[in-house]
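# Summary of the model geometry
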Amino acid sequence: MGARAARQVRPRYGRMAVAATSTSVTALAVLGGVGVLPSAAEGPQGRPTMETVAETRGTVDLGAARADSRRPATLQGTPTASDAAAGAPALPAGSGDGRRVVFSEGQQRVWLVDAREEVQHTYLVSGSVYDNLEPGTYEVYSRSEQAWGIDDSGTMKYFVRFAQGDNAAIGFHDIPVDDGEPVQSVDELGTPLSHGCIRQRRADAKRLWAFAPLGTTVVVTT
């Protein structure tokens, strides 16, 4: 993915107050679980991951991730029972085609779509309180099963990166844990609360991790 023009960070939805200076905005981004320790680890094409990571590309089960046609019908086109009962929204129109991950910023929801255009799974997430991610088509370029925030600001698992922000990578991961406590509750998913990345419950983070090896398309919609 080519270099992206720097954009002024703006608050999303007015749910959180933004500090008065750009320095404090950057600090919030770091502490929110997005910025993590610099690392020599790299994704494809030599791009730095911005984190101290356990790079796991060599252990990704590509066969399992791509075997959509061999999966039971109950895992292919149907949302989970809880999502179906809640009347989960349909896949957004104009959200691309083929095997992909779709993230709607407006709905704060992710869809995992197989090669036959069937939704394997859909669930609520917590994206960024800032307008730091443009709608568009991206590609997974780096993955880490474990990542650490700087200054002991927390840890996160199943980090799947697909974009690069001004200060750190942007991707999907589970809800960060700081001092033994999650930084938000599962019940708060569906509300923007991060400072750059997309937070998921642990089970959904594992599911996306298995679904999205390097090179997987990610479509971000409004």
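Up top you'll find the structure we're talking about.
Calculation rules
- Residues numbered from 1 in each chain as written.
- Predicted model: local features only at pLDDT ≥ 70, side-chain atom pairs only at ≥ 80, totals over all residues.
- Heavy atoms only, no water.
- Helix = DSSP H or I, 4+ residues; strand = E, 2+ residues; numbered from the N terminus.
- Buried < 20%, exposed > 50% of the residue type's maximum accessible area, 1.4 Å probe, protein only.
- Contact = heavy atoms within 4.5 Å.
- Areas by Shrake-Rupley, 256 points an atom, 1.4 Å probe, with all protein chains shown as cover.
- Phe/Tyr/Trp six-rings, centres within 6.5 Å; stacked < 30°, edge-to-face > 60°.
- Pairing = 2+ DSSP bridges.
- Axes fitted to C-alpha atoms, helices over the stretch in contact; angles between N-to-C directions.
- Polar contact = N/O pair within 3.5 Å; in protein donor to acceptor, adjacent residues only side chain to side chain.
- Arc of directions from axis to C-beta.
- Salt bridge = Lys/Arg side-chain N within 4 Å of Asp/Glu carboxyl O.
- Core = buried A, V, L, I, M, F, W, Y, C linked by side-chain atoms within 4.5 Å.

For the protein chain, the helix and strand inventory stands at five helices and twelve strands. Expressed as a percentage of the 222 residues in the protein chain, the buried residues total 46%. Put simply, 63% of the contacts in the protein chain that link residues at least 6 apart link residues at least 24 apart. On the protein chain, roughly 10300 Å² of surface is accessible, and the fraction owed to carbon and sulfur atoms is 53%.

Turning our attention to the packing of aromatic side chains. If you walk through the whole model with that rule in mind, you get four aromatic pairs. A centroid spacing of 5.5 Å and a plane angle of 70° characterise the contact between Y138 and F162, whose relative ring orientation is edge-to-face. Placement of the pair is Y138 in strand 5 (residues 136-139) and F162 in strand 7 (residues 155-164), with a sequence separation of 24 residues. A relative accessible area of 0% means that F162 is categorised as buried.

With mixed pairing, the five strands of this open sheet are ordered in space as 4-3-2-12-5. The sheet terminates laterally at strand 4 (119-124) and strand 5, the two strands that pair on one side only. Across the sheet, the mean angle from the axis of one strand to that of its neighbour is 20°, orientation sign disregarded. Here five bridges tie strand 2 (residues 100-104) to strand 12 (residues 217-221), and the two strands are oriented parallel to one another. Paired with S104 across the two strands is T221, which belongs to strand 12.

What follows concerns the side chain of S104. Tracing the backbone shows S104 in strand 2. A residue is classified by how much of its surface remains accessible, and S104, at 0% relative accessible area, is buried. A polar atom in the side chain of S104 sits 3.0 Å from the backbone nitrogen of Q107. Beyond its immediate sequence surroundings of up to four residues, S104 is in contact with R109, W111, T221 and T222.

To continue, consider unusual backbone geometry. A positive phi is found at Q108, a non-glycine position, where the angle reads about 50°. Tracing the backbone shows Q108 in the loop between strand 2 and strand 3 (109-113). Located in the positive-phi region is D179, a residue other than glycine, with phi close to 55°. Within the fold, D179 resides in the loop between strand 9 (177-178) and strand 10 (181-182).

Taken together, the buried positions of helix 5 (residues 202-211) are D204, A205, L208, W209 and F211. The buried residues of helix 5 occupy one face: seen down the axis, they fall within an arc of 165°.

With that settled, consider the pairing of strand 3. When you tally the buried positions in strand 3, you get five out of five residues, the bulk of the element. For strand 2 and strand 3, the ladder comprises five bridges, and the chain directions are antiparallel. Of the residues in strand 3, the one forming a bridge with S104 is R109. Linkage of strand 2 to strand 3, two consecutive antiparallel strands, is achieved through a turn of four residues, within which Q108 is found at a positive phi near 50°. Here strand 3 pairs with strand 4 via five bridges, running antiparallel.

Moving on, we come to the pairing of strand 2. Burial analysis of strand 2 places five of its five residues in the buried class, the great majority of the element. What you see with strand 2 is no split at all: R100, V102 and S104 on one side and V101 and F103 on the other are buried throughout.

This next bit is on the pattern of salt bridges. Charged atoms that come close allow side chains of opposite charge to pair. Scanning the entire structure with this criterion turns up four salt bridges. Among the salt bridges present, the one from D174 reaches R202, with a minimum N-O distance of 2.6 Å. Taken together, the residues span a long stretch of sequence, with D174 in strand 8 (residues 169-174) and R202 in helix 5 at a distance of 28 residues. Using a relative accessible area of 2% as the deciding quantity, one classes D174 as buried.

On to the nonpolar core. Of all hydrophobic cores here, the largest spans 23 residues; its most connected members are V101, V110, F162, F172 and L208. Elements that contribute at least two residues to this core include exactly strand 2, strand 3, strand 7, strand 8, helix 5 and strand 12. Those residues in contact with F172 that sit more than four places away from it in its chain are V101, F103, V110, Y158, F159, V160, F162, I198, Q200, L208 and V218. Among the nonpolar cores identified, the runner-up in size contains five residues, and V102, W111, V113 and V119 belong to it.

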